[in-house]
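Tertiary structure, described
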Amino acid sequence: MKQAIFGHEYIHAYHRYIGLMAKYGSKYSDYTESSAYHFTINSLKFHGLDFSGYLQQFYDYGAKFPGIFNWTYAIKNIVNLKK
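The sections below set out a description of the structure shown in this document. All residue numbers here refer to positions counted from 1 along the written sequence of the relevant chain. Residue-level local features of this predicted model are given only where pLDDT is at least 70; pairs of side-chain atoms are given and counted only at 80 or more, and the full residue set underlies all totals for whole chains, interfaces and linings. Heavy atoms throughout the structure, all of them, feed into the side-chain values; hydrogens and water do not.

With respect to the nonpolar core
For the record, the criterion: Nonpolar cores were defined as sets of buried Ala, Val, Leu, Ile, Met, Phe, Trp, Tyr and Cys residues, with membership established by side-chain atoms within 4.5 Å. For every residue, the accessible area obtained with a 1.4 Å probe (protein chains only) is divided by the maximum for its type, and the residue is called buried under 20%, exposed over 50%, and partly exposed between those limits. By definition, any uninterrupted DSSP run of H or I lasting at least four residues is a helix, any uninterrupted run of E lasting at least two residues is a strand, and each is numbered from the N terminus. Any two residues whose heavy atoms approach within 4.5 Å are treated as being in contact.
Listed in full, the 6 residues of the largest apolar core are Ile 11, Ala 36, Phe 39, Trp 71, Ala 74 and Ile 75. Mapped onto this core, the elements with two or more residues apiece are α3 (28-46) and α5 (71-75). Considering every element that reaches this core, the biggest residue donor is α5, with 3 residues. Apart from the residues within four sequence positions on either side, Ile 11 is in contact with Thr 32, Ser 35, Ala 36, Phe 39, Trp 71, Ala 74 and Ile 75.

Comments concerning the packing of aromatic side chains
To describe a pair of aromatic rings, one takes the distance between the centres and the angle between the planes. Let me state the cut-off plainly: Classification of ring pairs uses Phe, Tyr and Trp, with its six-membered ring standing for Trp, and accepts pairs whose centres are within 6.5 Å; under 30 degrees between planes counts as stacked, over 60 as edge-to-face, and the remaining range as tilted.
In this structure the tally under the stated criterion is 9 aromatic pairs. A ring pair is formed by Tyr 28 and Phe 69, whose centres lie 6.1 Å apart and whose planes are at 55°; its orientation type is tilted. Here Tyr 28, found in helix α3, pairs with Phe 69, found in the loop between α4 (52-60) and α5; they are 41 residues apart in sequence, far enough to count as distant. Assigned by exposure class, Tyr 28 and Phe 69 land together as buried. Centre to centre, the rings of Tyr 37 and Tyr 54 are 6.2 Å apart; their planes meet at 35°, and the pair counts as tilted. Here the residue Tyr 37 occupies a position in helix α3, and Tyr 54 occupies one in helix α4, the gap between them amounting to 17 residues. Here Tyr 54 falls in the partly exposed class, since its relative accessible area comes to 22%. By way of ring pairs, the aromatic residues Tyr 24, Tyr 28, Tyr 31 and Phe 69 are connected into one cluster.

Read these as layout, nothing more, since geometry by itself doesn't imply function.
See below:
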């Protein structure tokens, strides 16, 4: 569970770092949250943990995001999220 939380928050930091907040304005929050919850769900699913509690948050933020918000970009250099 720690890895899912760390990854979720890291994604937000990465999105902010590359300037997406300034570019997307009022939609930034929806996009970064949707992307981060998508990661959380996939991380929990990968580890065989219950992710159902996070589905509603994913949908509440629109359940979609532009490709630049894809979380795989944010975590591509983090190699130890499995432990």
